[in-house]
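Topology and contacts: notes
This is what each chain is made of:
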Amino acid sequence: MISRLEGYVKSVSPGVVEMDLNGVVYQVNVSKNTEDIARKYFNAGNLFELMIYHYLSLDKSKGYSILIGFTEILQKEFFEKFISVSGIGPKAALKAFEQPVGKIADAIELGDEPFLKSLAGIGKLKARQIIAQLQGKVGRFALIKSGELTADNDVVRTHDEEFLDEAKKVLKRLQYGTKEAEDMIKKALKANADIKDLEELLNEIYRQKG
């Protein structure tokens, strides 16, 4: 099972990025946002990394290995949550991801059925199913700002709990400043002192922002 690819962008076409890893070229299906980011790496000579959702598509007697790529692990995790809803497969979910992940997650948390209905391949019934199954569970993904996500490994330890440091790293990758991230964490912990893990903390941060 392929979990991530790091190599050079060989080509970019609508919905598809070809990655060259030491002469082996992988075809990866991507959203419009990821496609736009990949174009910046095409012929730039810089390594490009994608987090991969890998599955097997069956067609009669044949099987096809399908790769779907994401620029950030939170995007992939949200994708996996999204396709857990009955009737939404990977292909349909990828079409819906033409909108930024943060906006989709925010719409779910707010119960915004009209927005979800506007997503490609998502009708009224599926929009209601998405809200019913995921509302209250995807707040941390709504923290993802629109636009390109960046890597930032500079973490200053200010607390013994390891997951608090991890929360800072996640928020900084999502383009929140160090002071802003620290303030958001403090506010969340003040509201709920019993938080024990990263997912719970990020969900509480989202609720406090609301």
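Described in the following lines is the structure provided in the data block. Predicted model, so just to flag it, every value in this text is computed and none were measured.

**Quick word on the overall build of the protein**
The helix and strand tally for the protein stands at nine helices and five strands. Along the protein, helices and strands appear, N-terminal first, in the series β-β-β-α-β-β-α-α-α-α-α-α-α-α. Taken against the 2.2 N^0.38 rule, which gives 17 Å for 210 residues, the C-alpha radius of gyration of the protein at 18 Å falls within 12% of a compact globule. Each principal axis of the C-alpha distribution contributes one length, and for the protein these read about 55 × 45 × 25 Å. Split into buried and exposed, the 210 residues of the protein put 44% on the buried side.

**What to know about the packing of helix α7 (residues 162-173) against helix α8 (residues 178-191)**
At a minimum axis separation of 9 Å, α7 and α8 run at an interaxial angle of 130°. Classified by the angle their axes make, α7 and α8 are oblique. In this structure, α7 meets α8 at a crossing whose hand is right-handed. Contacts between α7 and α8 pair L164, A167, K168, L171 and K172 from the former with T178, A181, E182, M184, I185 and L189 from the latter. Residue composition of the contact of α7 with α8, by class: seven nonpolar, one polar and three charged.

**A few points about the pattern of salt bridges**
If charged atoms from side chains of opposite charge come close, those side chains can pair. Applying the stated criterion across every chain, the model contains twelve salt bridges. Here K81 and E199 are joined by a salt bridge, their closest N and O atoms 3.9 Å apart. Note that K81 is positioned in helix α2 (residues 73-82) and E199 in helix α9 (residues 198-209), a separation of 118 residues in sequence. Exposure remark for K81: the relative accessible area of 25% places this residue in the partly exposed category. Between R128 and E113 there is a salt bridge, and its shortest N-O distance comes to 3.3 Å. A residue pair is termed long-range when its members are at least 10 positions apart, and R128 in helix α6 (residues 124-134) and E113 in helix α5 (residues 113-117) qualify at 15 residues. Accessibility expressed as a relative area gives 45% for R128, which makes it partly exposed.

**Description of the nonpolar core**
Formed by 51 residues in total, the largest nonpolar core has its most connected members in F78, F82 and L116. L116 has contacts with I104, A107, I108, I122, A127, I130 and I131, leaving out every residue within four places of it along the chain. Ranked by size, the runner-up nonpolar core spans 14 residues in total, among them V9, I37, F48 and L67.

The rules behind each value
Residues numbered from 1 in each chain as written. Predicted model: local features only at pLDDT ≥ 70, side-chain atom pairs only at ≥ 80, totals over all residues. Heavy atoms only, no water. Helix = DSSP H or I, 4+ residues; strand = E, 2+ residues; numbered from the N terminus. Rg over C-alpha atoms; globule rule 2.2 N^0.38 Å. Buried < 20%, exposed > 50% of the residue type's maximum accessible area, 1.4 Å probe, protein only. Axes fitted to C-alpha atoms, helices over the stretch in contact; angles between N-to-C directions. Parallel < 35°, antiparallel > 145°, perpendicular 65-115°, else oblique. Left-handed = near helix turned anticlockwise from the far one by under 90°. Contact = heavy atoms within 4.5 Å. Nonpolar A, V, L, I, M, F, W, Y, C, P; charged D, E, K, R; others polar. Salt bridge = Lys/Arg side-chain N within 4 Å of Asp/Glu carboxyl O. Core = buried A, V, L, I, M, F, W, Y, C linked by side-chain atoms within 4.5 Å.

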